[in-house]
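Read off the chains here:
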Amino acid sequence: MASLHHPLLFITFLSIFLQSNLCLSSTKKTLILPLKTNLISSGSPLSKPPNKLSFHHNVTLTVSLTVGSPPQEVTMVLDTGSELSWLHCKKTPNTPSVFNPFKSTSYSPTLCSSPTCRTRTKDFTLPVSCDPKKLCHATISYADASSVEGNLASDTFRFGNSDIPGMVFGCMDSGYSSNQQEDSKTTGLIGMNRGSLSFVSQMGFPRFSYCISGRDSSGVLLFGDANFPWLRPLNYTPLVQIPTRLPYFDRVAYSVQLEGIRVSGTVLPLPKSVFVPDHTGAGQTMVDSGTQFTFLLGPAYTALKNEFVKQTKGVLRVLDDPNFVFQGVMDLCYRVGVNQRVLPELPAVTLMFRGAEMSVSGERLLYRVPSLIRNGDEIYCFTFGNSDLLGTEAYVIGHHHQQNVWMEFDLEKSRVGLAEVQCDLASQRLGVGP
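Residues numbered from 1 in each chain as written. Predicted model: local features only at pLDDT ≥ 70, side-chain atom pairs only at ≥ 80, totals over all residues. Heavy atoms only, no water.

The subject of this paragraph is the overall build of the protein chain. In terms of helices and strands, the protein chain carries 6 helices and 30 strands. Here the protein chain holds 434 residues, and the buried ones make up 58% of them. Per element, the accessible surface of the protein chain, about 17700 Å² overall, is 50% carbon and sulfur. (Helix = DSSP H or I, 4+ residues; strand = E, 2+ residues; numbered from the N terminus. Buried < 20%, exposed > 50% of the residue type's maximum accessible area, 1.4 Å probe, protein only. Areas by Shrake-Rupley, 256 points an atom, 1.4 Å probe, with all protein chains shown as cover.)

With that out of the way, let us pick up the environment of glycine 337. Its location among the elements puts glycine 337 in strand 22 (residues 333-337). For the pair glycine 337 and isoleucine 373, spaced 36 residues apart in sequence, the C-alpha separation works out to 9.3 Å. With sequence-adjacent residues up to four places away left out, glycine 337 is seen in contact with Arg317, Gly376 and Asp377. (Contact = heavy atoms within 4.5 Å.)

Next up on the list: the packing of aromatic side chains. Applying the stated criterion across every chain yields a total of 20 aromatic pairs. Ring centres 6.2 Å apart and planes at 75 degrees place the aromatic pair phenylalanine 208 and tyrosine 254 in the edge-to-face group. Of the two residues, phenylalanine 208 sits in strand 13 (residues 207-212) while tyrosine 254 sits in the loop between strand 15 (235-238) and strand 16 (255-256), which places them 46 residues apart along the sequence. On the basis of relative accessibility, which here comes to 1%, the residue tyrosine 254 falls in the buried class. (Phe/Tyr/Trp six-rings, centres within 6.5 Å; stacked < 30°, edge-to-face > 60°.)

The 4 strands are arranged 21-22-26-25 in an open sheet whose pairing can be described as antiparallel. Only two strands of the sheet have a single partner each, and these edge strands are strand 21 (317-318) and strand 25 (366-374). In terms of strand pairing, strand 25 meets strand 26 (residues 377-382) through 5 bridges, oriented antiparallel. Looking at strand 26, one finds that isoleucine 373 is bridged to glutamate 378. (Pairing = 2+ DSSP bridges.)

The next point concerns helix 4 (residues 298-312). Here helix 4 spans 21 Å end to end across 15 residues, near enough to the 21 Å set by a 1.5 Å rise per residue. All of the buried residues along helix 4 are Gly298, Ala300, Tyr301, Ala303, Leu304, Glu307, Phe308 and Thr312. Phi turns positive, to about 95 degrees, at glycine 314, one or two residues after helix 4. (Expected span 1.5 Å × (residues − 1).)

Here we take up the pairing of strand 28 (residues 394-397). The side-chain alternation of strand 28 yields two buried faces, one formed by Ala394 and Val396 and the other by Tyr395 and Ile397. In this sheet, strand 28 lies alongside strand 19 (residues 284-287) in parallel orientation, the contact comprising 4 bridges. Note that in strand 28 the partner of methionine 286 across the bridge is valine 396.

Another aspect to go through is unusual backbone geometry. The omega torsion across serine 69 and proline 70 is -5 degrees, close enough to zero to call that bond cis. Within the secondary structure, proline 70 is located in the loop between strand 4 (62-67) and strand 5 (72-79). Its identity as a non-glycine residue notwithstanding, lysine 134 has a phi of 65 degrees, on the positive side. In this fold, lysine 134 is placed in the loop between strand 8 (129-130) and strand 9 (136-141). Note on lysine 134: relative accessible area 58%, which makes it exposed.

This structure, assessed with the given rule, holds 14 salt bridges. In this structure, glutamate 259 and arginine 354 form a salt bridge, with 3.2 Å as the shortest nitrogen-oxygen distance. Taken as a pair, glutamate 259 in strand 17 (residues 258-263) and arginine 354 in the loop between strand 23 (349-353) and strand 24 (356-360) lie far apart in primary sequence, 95 residues in all. Here the salt bridges do not stand alone but share partners, grouping Arg207, Asp225, Asp410, Glu412 and Arg415 into one network. (Salt bridge = Lys/Arg side-chain N within 4 Å of Asp/Glu carboxyl O.)

Written out as structure tokens, the structure reads:
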């Protein structure tokens, strides 16, 4: 999500209920927490084994855990595109679920003079400031004008039976949400990018993985090494790193190099320069669990749209309504008869990265618009959108296209690994399946 889009937009609901059977191993530094999820309508501080969690998804990914002493239950959006984790700390009609710092004996506000405030906030989208009480004040804003602000603090976060003391987060007391209905269902957000104050960085794990299944909306989240005999070797693509600060380049995102797009056997005739960040940093490609669908910059999106329409002519009926743009960003939609049980065979769309590929096929290519019928037809929209309509100067690979792919984010070796796998079976093998 980062500064490019709001964490509560286009995100899958991943409710993670941490169970008491936390799996710890004496030989592996991996933390596996079992996950179970609900569908919701529209050198490590823990030198322990993996944490696995199973989940469901629909619009946002959320994790349920406890914070403070005594513990308070919170529900937080899980987002690989953000750095700072934060909680609503002031109850309002739009934020009924809050964390109350006054009830926690382990809560500690962060002073402006502290190293945390002075040196570890350099990658925030807006500079921190000092409030009248000399506390470190942060404002996090997003491209859709949503924002939250409050003070940095630290407290104890708990997963199952494991305590993580001194976790730095934002205790937010004001803000504006462009999606108040979804925002009211959560207490805050867990940032999982590569920034020094992200949740995974503070936990000290060198890598983490997740696997999202398709139809049953279940999956697993794992902190640490994923050395399983049933998991095929991952194909890795290196992270793109630009040391110079550029206005449109997110230095702590999981940014990879997209090199081309293939529709069935046809590679789109685009120069590779289309996929390379320009001198301002615009044009990076980010892998983001906080975004539901995938968005491409204008030239690439137009070429993909035209080729997909060409290859599906005769098997899909385009919705001929220039005024209909799903969620304001997806303008290629189709009419499918309400009695048509199965979609026709569709050409796979393959994203070609440096050293790895991600193939999107079948039902993942089209998304049924809920509760919309036109003259006996349901409306399905292409699950690739136009970044220009999103207001984002980047390519964003959303979680919908990461289904049934084991996704590893390796902070230690600066790379992202991919391998196709049946995620429902992976969850069962890890003991967290339904």
